[in-house]
Amino acid sequence: MVKEPHYHGHRERLREKLKKDATQLADYEILELVLGMVLRRQDTKPLAKRLLARFGSLRGVMDARPQELLAEKGFGPSMENLWLLLREFIARYAESPLRERVTLVSSKAVADMARIRLASCAHEEVWVAYMDRQNRLLAWERATQGTVNASAIYPRDLMEAALRFKASGLILVHNHPGGSARPSAPDVEVTKLVARSAAALGMTLVDHVIVTEEGHYSLKEDGLF
């Protein structure tokens, strides 16, 4: 008779603990169970504890960049796929109140929504919130993908999308990976250009927000356009 690996019983006890009272699970135990969804024939406790030690918290592990995670022994391409799926699930969950037009859109709400999606992004991305006259969200779309320190913003493309959604206002968002949230001179210049383009079509650029892992910066609040 083949003896079952020791971690099978341990994992089953964790599942029972989860069902009884999930709040009693330690962070590493939650991570063990998540890892075990892919690594079914492996003791996931050592990897869970290594990841937490390296990244400091469950949020740190979740926000870690793919190349950092793949550098950990035992974290392979299948685990990366699970992480991408979990991140997308979390991002869409966070976006759902605005997407459902339940909440009035503000610069802070959009910044919080974008930071969840872009926290671990290794390159710059430009996203746009298109709003109606009551500041309710009509659409939330990625406009462009850039490099580690630059992203292009094309006013014409933004205006075409705004007209398609029949938007009255828009909020630009882009991230600064691993850097300061302060805008660059090109950031300010393109913001003014988008604001003029929007005004010419009877729309308003409500804000341009730059997000980082730690916070966000509003060009509107700082009077830069």
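Structural notes on the layout of surface pockets
If you add up the space inside the largest pocket, you get close to 570 Å³. In this structure, the largest pocket is lined by 23 residues; those nearest its centre are R87, I116, R117, L118 and S120. Those elements giving two or more residues to the lining of the largest pocket turn out to be α4 (58–63), α6 (77–99), α7 (107–118), β1 (125–131) and β2 (137–145). Residues that form the lining of the largest pocket fall into these classes: eleven nonpolar, three polar and nine charged. Taken as a whole, the second largest pocket holds about 220 Å³ of empty space.

A closer look at the packing of aromatic side chains
All chains considered together, the criterion is met by three aromatic pairs. Between W127 and W140, the aromatic rings sit 5.1 Å apart at their centres with planes inclined by 35°, giving tilted as the arrangement. Residue W127 is found in strand β1, and its partner W140 is found in strand β2; the two are separated by 13 residues along the sequence. A relative accessible area of 4% places W140 in the buried class. The ring of Y28 has K49 sitting right over it, with the charged end atom 4.6 Å from the ring centre.

Some points on the environment of V173
Following the sequence through the fold, V173 ends up in strand β3 (residues 169–175). Under the relative-accessibility criterion, V173 is labelled buried at 0%. Note: C-alpha distance between V173 and I210 (37 residues apart in sequence) is 5.7 Å. Beyond its immediate stretch of four places on either side in the chain, V173 contacts V110, A114, E125, V126, W127, W140, H208, V209 and V211.

The rules we used
- Residues numbered from 1 in each chain as written.
- Predicted model: local features only at pLDDT ≥ 70, side-chain atom pairs only at ≥ 80, totals over all residues.
- Heavy atoms only, no water.
- 1 Å grid on protein atoms, 1.4 Å probe; cavity = no way out; pocket = protein on both sides within 12 Å on 5 of 7 lines; lining within 4 Å.
- Points joined across faces, edges and corners; volume = space filled by probe spheres on them.
- Helix = DSSP H or I, 4+ residues; strand = E, 2+ residues; numbered from the N terminus.
- Nonpolar A, V, L, I, M, F, W, Y, C, P; charged D, E, K, R; others polar.
- Phe/Tyr/Trp six-rings, centres within 6.5 Å; stacked < 30°, edge-to-face > 60°.
- Buried < 20%, exposed > 50% of the residue type's maximum accessible area, 1.4 Å probe, protein only.
- Lys NZ or Arg CZ within 6 Å of the ring centre and 35° of its normal.
- Contact = heavy atoms within 4.5 Å.

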